[in-house]
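These are the residues of each chain, in order.
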Amino acid sequence: MKFDSIIIGGGVAGLSCAIRCAEAGLKTAVIAAGQSALHFSSGSVDLLSRLPNGDNVSAPFSAFAELKTQSPFHPYSKLGELQCREAINWYQDVMADCGVYLTAQPDEMNHYRVTPMGTFRSTWLSQQTVHQFPHHQLAQGLAEIALVTVDGFRDFQPQLAADNLSKLSAFEGVKIKTAAVELPDFDNMQRNPCEFRSIDISRVLRDETKLHAFAKSMIQQVGKADLVVLPAIFGNGDGAATIKLLEGLTGFKICELPTMPPSLLGIRLEEAMKSHYKRLGGLLLAGDEVRKGEFSNGRLTKIFTRNHEDIPLIADHFLLASGSFFSKGLSAQRHAVSEPIFGLDMAQSAHRDHWYQPQFFTPQSHPFMKMGVECNNRLNPTINQQVISNLYCAGAILAHYDPVQEGSGSGVAISTGYFVAQQMITAHQQQQADTQPKQERTTA
């Protein structure tokens, strides 16, 4: 099978690249081994919340210059501010077309989102159902907050969140209360309590009659509140519309927060991206994984997958966006970290003793988090120091950044995936332009 571009990995980086390629008319295939890390994510887009030295960042794009000073090989440093802005703006537009509206603060500042623990995480874009707490005044416009769960739901404990919120000076004088709302059909679901998860609750609340009953119970249990915080228990496809309806039924302003996996906020992003990619004509090979590749003259010529066995998949360009350790994009042995599919050159500390900090909880990043594939400024990797010119890397597999400590995971994934796609598109267009005159001469 022959394609213009093949994307290895179905996470944010891989799907961003695939969508952009499909938009430009490239025949594109995505190979996804299983669920992406989006099932475990907040559903927000982190751009840059902290510099490598630990300094907090309020205005991410303004911090890019300092980031390049501290970390010249960081993916953002290789791409530059303008490329990253273009990528993030494009992603917002794509998601809006899919009905998922991601917004930032108008002053180009990060905002905070609340977590199930009642703590705050700094982020850049959040979905329309997530309340944006301003950096400068967390409790702005809030006199009374209600943290609400579903009776029997184990993945959100509102009293724990309320206790942590009440300890913050910004919430001094804000009334914080908790409530548990009974779910229609709860008794039936209790037959298998291990499956009483957010995605199961969302199926119940798709029934408008049951949603009305849920709304009535919410009004009775909550009473009055400026903001009602609920776990994300509404559908991955129609969740935002369901919340809008619930707000109309109750009169409350409702905010979602991500729960323990499966995270419906993260799934909402993944499903929207996959559906949009398929509508553009892209091919998704789900449940498959790449086993090996063949190279010739510094180019990847074909790959072989588990499901296709000895049938090669051929493309002009390839992207490796298989993630980090969590997604098995990187493999850690006793004394080395490797990229398991192609054996790409790695950036890593020589000795295992230097892989981590002495203390687990530390302001500084653990060195193993910055391990990954070494790439040039075009994001081409190498094998034994030879550049593979038609293979690119994007997202968490890249070296020289810590997505967790920096709060930059989704931003790097989108930016690098989009950047690679633009290079693939340019090369494809150039190839077509070079081929056309030859065809015209042959015809003449």
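Calculation notes
Residues numbered from 1 in each chain as written. Predicted model: local features only at pLDDT ≥ 70, side-chain atom pairs only at ≥ 80, totals over all residues. Heavy atoms only, no water. Domains from an automatic or database assignment. Contact = heavy atoms within 4.5 Å. Buried area = accessible area lost by both parts, 1.4 Å probe. Salt bridge = Lys/Arg side-chain N within 4 Å of Asp/Glu carboxyl O. Polar contact = N/O pair within 3.5 Å; in protein donor to acceptor, adjacent residues only side chain to side chain. Nonpolar A, V, L, I, M, F, W, Y, C, P; charged D, E, K, R; others polar. Pairing = 2+ DSSP bridges. Helix = DSSP H or I, 4+ residues; strand = E, 2+ residues; numbered from the N terminus. Axes fitted to C-alpha atoms, helices over the stretch in contact; angles between N-to-C directions. 1 Å grid on protein atoms, 1.4 Å probe; cavity = no way out; pocket = protein on both sides within 12 Å on 5 of 7 lines; lining within 4 Å. Points joined across faces, edges and corners; volume = space filled by probe spheres on them. Buried < 20%, exposed > 50% of the residue type's maximum accessible area, 1.4 Å probe, protein only. Arc of directions from axis to C-beta. Phe/Tyr/Trp six-rings, centres within 6.5 Å; stacked < 30°, edge-to-face > 60°. Lys NZ or Arg CZ within 6 Å of the ring centre and 35° of its normal.

1. Quick notes on the domain arrangement of the protein chain
Interfaces are often sized by the amount of accessible area the parts lose when they come together. By the assigned domains, the protein chain splits into domain 1 (2-92 + 268-434) and domain 2 (132-252). On a C-alpha basis, the centroid separation for the pair domain 1 and domain 2 is 35 Å. Contacts between the two partners involve 4 residues from domain 1, matched on the other side by 6 residues from domain 2. Buried area between domain 1 and domain 2, summed over both chains or domains, comes out near 360 Å², and the portion from carbon and sulfur atoms is 40%. Of all residues in domain 1, Ser58, Arg268 and Glu271 give up the largest surface area on contact with domain 2, accounting jointly for 94% of the area buried on that side. Counting the contacts that link domain 1 with domain 2 gives 0 salt bridges. Where domain 1 touches domain 2, the interface holds 1 residue pair in polar contact (both at pLDDT 80 or more). Grouping the constituent residues of the side of domain 1 that touches domain 2 by class yields 1 nonpolar, 1 polar and 2 charged.

2. A closer look at the sheet that holds strand E9 (residues 175-181)
Spatial ordering of the open sheet is given by E9-E8-E10-E11, a layout of 4 strands whose pairing is parallel. The sheet is open, and its two borders are formed by E9 and strand E11 (254-257), each paired with just one other strand. Here the average twist between neighbouring strands, direction ignored, is 25°. Taken together, the 7 bridges between strand E8 (residues 144-150) and E9 define a ladder with parallel strand orientation. Pairing of Val150 across the sheet is with Val181, part of E9. Most of the contacts of helix H9 (residues 239-250) go to E11, to which it runs at about 140°, and overall it touches strand E10 (227-231) and E11.

3. A look at empty space enclosed by the protein
Considering all chains together, one arrives at 2 cavities of 30 Å³ or more under this definition. Roughly 40 Å³ of volume is contained in the largest cavity. Contributing to the lining of the largest cavity are Phe73, Pro75, Lys78, Val373, Cys375, Leu379, Leu398 and Ala399. Partitioned by chemical class, the residues of the lining of the largest cavity number 7 nonpolar, no polar and 1 charged. Put simply, the second largest cavity is a space of about 30 Å³.

4. Topic: helix H5 (residues 158-166)
Within the sequence span of H5, burial applies to Pro158, Ala161, Ala162 and Leu165. Angular distribution of buried residues about the axis of H5 spans 100°; they occupy a single face of the element. If you follow the buried residues of H5, they end up packed against strand E4 (111-114), strand E5 (120-123), E8 and E9.

5. Focus: the packing of aromatic side chains
Evaluation of the coordinates by the stated rule reveals 9 aromatic pairs. Note on Phe64 and Tyr76: the rings are 4.8 Å apart at their centroids and 25° apart in plane angle, and the pair reads as stacked. Of this pair, Phe64 sits in helix H2 (residues 64-70) while Tyr76 sits in helix H3 (residues 75-79), and the two are 12 residues apart along the sequence. For Tyr76, a relative accessible area of 2% gives the class buried. Taken together, Phe61, Phe64, Tyr76 and Trp124 form an aromatic cluster joined through their ring pairs. For the cation-ring pair, Lys292 lies above Phe304, with the distance from its terminal atom to the ring centre recorded as 5.3 Å.

6. Let's talk about the sheet that holds E5
With antiparallel pairing, the 3 strands of this open sheet are ordered in space as E5-E4-E7. Edge strands, defined here as strands with exactly one partner in the open sheet, are E5 and strand E7 (133-134). Relative to E5, E4 runs antiparallel, the two being bridged by 4 bridges. Bridge assignment links Tyr112 to a residue of E5, and that residue is Ser122.

7. Details of unusual backbone geometry
Despite not being glycine, Leu379 has its phi angle at roughly 70°, a positive value. Here Leu379 lies in the loop between strand E19 (372-373) and strand E20 (382-383). Under the relative-accessibility criterion, Leu379 is labelled buried at 1%. Of note in this structure, Gln385 is not a glycine but carries a positive phi near 70°.

8. As for the environment of Ala161
Relative to the elements of secondary structure, Ala161 occurs in helix H5. Taking the C-alpha atoms as reference, Ala161 lies 28 Å from Pro60; in sequence the two are 101 residues apart. Excluding anything up to four places from it in sequence, Ala161 contacts Pro116, Met117, Gly118, Leu147 and Phe156.

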